Amino acid sequence: MPDIFDIVADATRRDILRVLHDASEATESGEVSVSQIVAGLELSQPTVSKHLKVLRGAGLVVVREEGQHRFYRIDVAPLEEIEDWLMPLVGGDFDIADIDVSAVVAGLKDETKGFAEQMGKVFADTSHRVSNVVDRVRPKRKR
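Computed from a prediction, not measured in an experiment: that's the story for all the values here. (Residues numbered from 1 in each chain as written. Predicted model: local features only at pLDDT ≥ 70, side-chain atom pairs only at ≥ 80, totals over all residues. Heavy atoms only, no water.)

Engineer: Just give me the short version of the overall build of the protein, but keep the residues and values in it.
Structural biologist: Of the regular secondary structure elements, the protein holds seven helices and three strands. Beginning at the N terminus, the succession of helices and strands in the protein can be written as α-α-β-α-α-β-β-α-α-α. Taken over 143 residues, the protein has a buried fraction of 19%. Long-range pairs, those at least 24 residues apart, make up 49% of the contacts in the protein between residues at least 6 apart in sequence. (Helix = DSSP H or I, 4+ residues; strand = E, 2+ residues; numbered from the N terminus. Buried < 20%, exposed > 50% of the residue type's maximum accessible area, 1.4 Å probe, protein only. Contact = heavy atoms within 4.5 Å.)

Engineer: Before we move on, can you summarise the sheet that holds strand β1 (residues 32-33) with the specific residues and values?
Structural biologist: What the three strands build is an open sheet, ordered β1-β3-β2; its pairing is antiparallel. On the outer flanks of this sheet lie β1 and β2 (61-66), each paired with one strand and no other. With two bridges connecting them, β1 and strand β3 (residues 69-74) associate as antiparallel partners. Its bridge partner being in β3, V32 is matched across the sheet by Y72. (Pairing = 2+ DSSP bridges.)

Engineer: Could you give me a rundown of a negative patch on the surface, with the residues and numbers involved?
Structural biologist: Taken together, the side chains of E80, E81, E83 and D84 define an acidic patch exposed on the protein surface. Structurally, the position occupied by D84 is in helix α5 (residues 77-90). (Patch = residues over 30% accessible without salt bridge, like charges linked within 9 Å, V, L, I, M, F, W, Y side chains within 5 Å. Areas by Shrake-Rupley, 256 points an atom, 1.4 Å probe, with all protein chains shown as cover. Salt bridge = Lys/Arg side-chain N within 4 Å of Asp/Glu carboxyl O. Lys, Arg positive; Asp, Glu negative; His and termini not counted. Charge placed at Lys NZ, Arg CZ, Asp CG, Glu CD.)

Engineer: So, the pairing of β3: which residues are in play, and what are the values?
Structural biologist: Of the strand pairs in this sheet, β2 and β3 are connected by six bridges, and their pairing is antiparallel. Residue pairing for β3: V63 is matched across the bridge by Y72. As consecutive antiparallel partners, β2 and β3 are separated by two residues, and within that stretch G67 has a phi angle of approximately 65 degrees, a positive value.

Engineer: Report on the nonpolar core, specifying residues and quantitative values.
Structural biologist: Counting 19 residues, the largest nonpolar core has I16, L20, I37, V48, L52, L55 and L60 as the members making the most contacts within it. For this core, the secondary-structure elements that each account for two or more residues are α1 (4-8), α2 (11-26), α3 (34-41), α4 (45-57) and β3. Take this core: its biggest share by element is four residues, from α2. (Core = buried A, V, L, I, M, F, W, Y, C linked by side-chain atoms within 4.5 Å.)

What follows is the structure, encoded as structure tokens:
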């Protein structure tokens, strides 16, 4: 089974999951047809089908066939496993100092390491830029 983090790392797949999640709350069946997903996300049918196949393989969606039509609904069980893993890390008792960063980094794939490095640089740069803007617009205090 593919790593679920790799699956949900794709923005298009997250968009599809969001559409299916919204349908699960808005409709009794919780199902959405492929054509509804295509129309809602303004993507091509082959693109949506390709991503649905990946999501289906990861157990994140369930399909019901009716003639030539396919109706999908989200299966949140795999996402709940991620939540169970994440919550202790982001909960109130979480302390970043408790994480062995070298062990985490050693467990990442090269592609993921590169992505994480890029994101860290983007966050650092953005934080620096925001600080500079705030410093420029903040009224000077008189002594």
